[in-house]
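Given next are the chains, with one letter for each unit.
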Amino acid sequence: VQLQASGGGLVQAGGSLRLSCAASRRTFTASDYAMGWFRQAPGKERVFVAAINWSGGSTYYADAVKGRFTISRDNAKNTVYLQMNSLKPEDTAVYYCAARYYSGSSSKTDDYHYWGQGTLVTVSS
């Protein structure tokens, strides 16, 4: 399974971005996977941002982004999204999407089986 993250860029504080993560595999069945977004700032560890279960009916957020970010998915398009509003300079990081096979959503990096290559988000003050 290959995950392709996109949508990153440079934005001013208070602005918005929408990240996308598309799975590319003919045999990929989106409903078999919980999906997550993580981020890694320069010199820091990769940390959890948001997760969504297979159906999209359950979502989970890190406290740092709760109320500002929204995770969603479109299983027909094999794509998961992260809508980021009210961005802050401390949101600057490389954002990674991840897929967890046949399990519920999780905030732990070790629980995910597949990872995308990351997309850079830079928020200027």
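Undergrad: Explanation requested: the overall build of the chain in the structure shown.
TA: When you go through the chain residue by residue, the secondary structure sums to 0 helices and 11 strands. Starting at the N terminus and ending at the C terminus, the chain contains elements arranged as β-β-β-β-β-β-β-β-β-β-β. By the compact-globule yardstick of 14 Å for 125 residues, the chain fits well, its C-alpha radius of gyration being 13 Å. Across its three principal axes, the chain shows a C-alpha extent of roughly 45 × 25 × 25 Å. For the chain, buried positions account for 42% of its 125 residues. Relative to all contacts within the chain whose residues are 6 or more apart in sequence, the contacts with residues 24 or more apart total 58%. Accessible area for the chain stands at about 6500 Å²; split by element, carbon and sulfur atoms hold 45% of it. Of the charged side chains in the chain, 13 are positive and 8 negative, and the gap between their average positions amounts to 5 Å.

Undergrad: It is not clear to me how the nonpolar core should be interpreted in this structure. Could you clarify?
TA: One broad trend across soluble globular proteins is that nonpolar side chains are buried collectively. In this structure, Trp37, Leu82, Met84 and Tyr95 are the most contacted members of the largest nonpolar core, which totals 33 residues. Listing elements by their share of this core, those giving two or more residues are β1 (2-6), β3 (17-24), β4 (33-40), β5 (47-52), β7 (69-74), β8 (79-84), β9 (93-101) and β11 (119-124). Residues contacting Leu82, with those up to four places away along its chain left out, are Leu17, Arg18, Leu19, Trp37, Val49, Ala50, Phe69, Thr70, Ile71 and Tyr95.

Criteria and thresholds
Residues numbered from 1 in each chain as written. Predicted model: local features only at pLDDT ≥ 70, side-chain atom pairs only at ≥ 80, totals over all residues. Heavy atoms only, no water. Helix = DSSP H or I, 4+ residues; strand = E, 2+ residues; numbered from the N terminus. Rg over C-alpha atoms; globule rule 2.2 N^0.38 Å. Buried < 20%, exposed > 50% of the residue type's maximum accessible area, 1.4 Å probe, protein only. Contact = heavy atoms within 4.5 Å. Areas by Shrake-Rupley, 256 points an atom, 1.4 Å probe, with all protein chains shown as cover. Lys, Arg positive; Asp, Glu negative; His and termini not counted. Charge placed at Lys NZ, Arg CZ, Asp CG, Glu CD. Core = buried A, V, L, I, M, F, W, Y, C linked by side-chain atoms within 4.5 Å.

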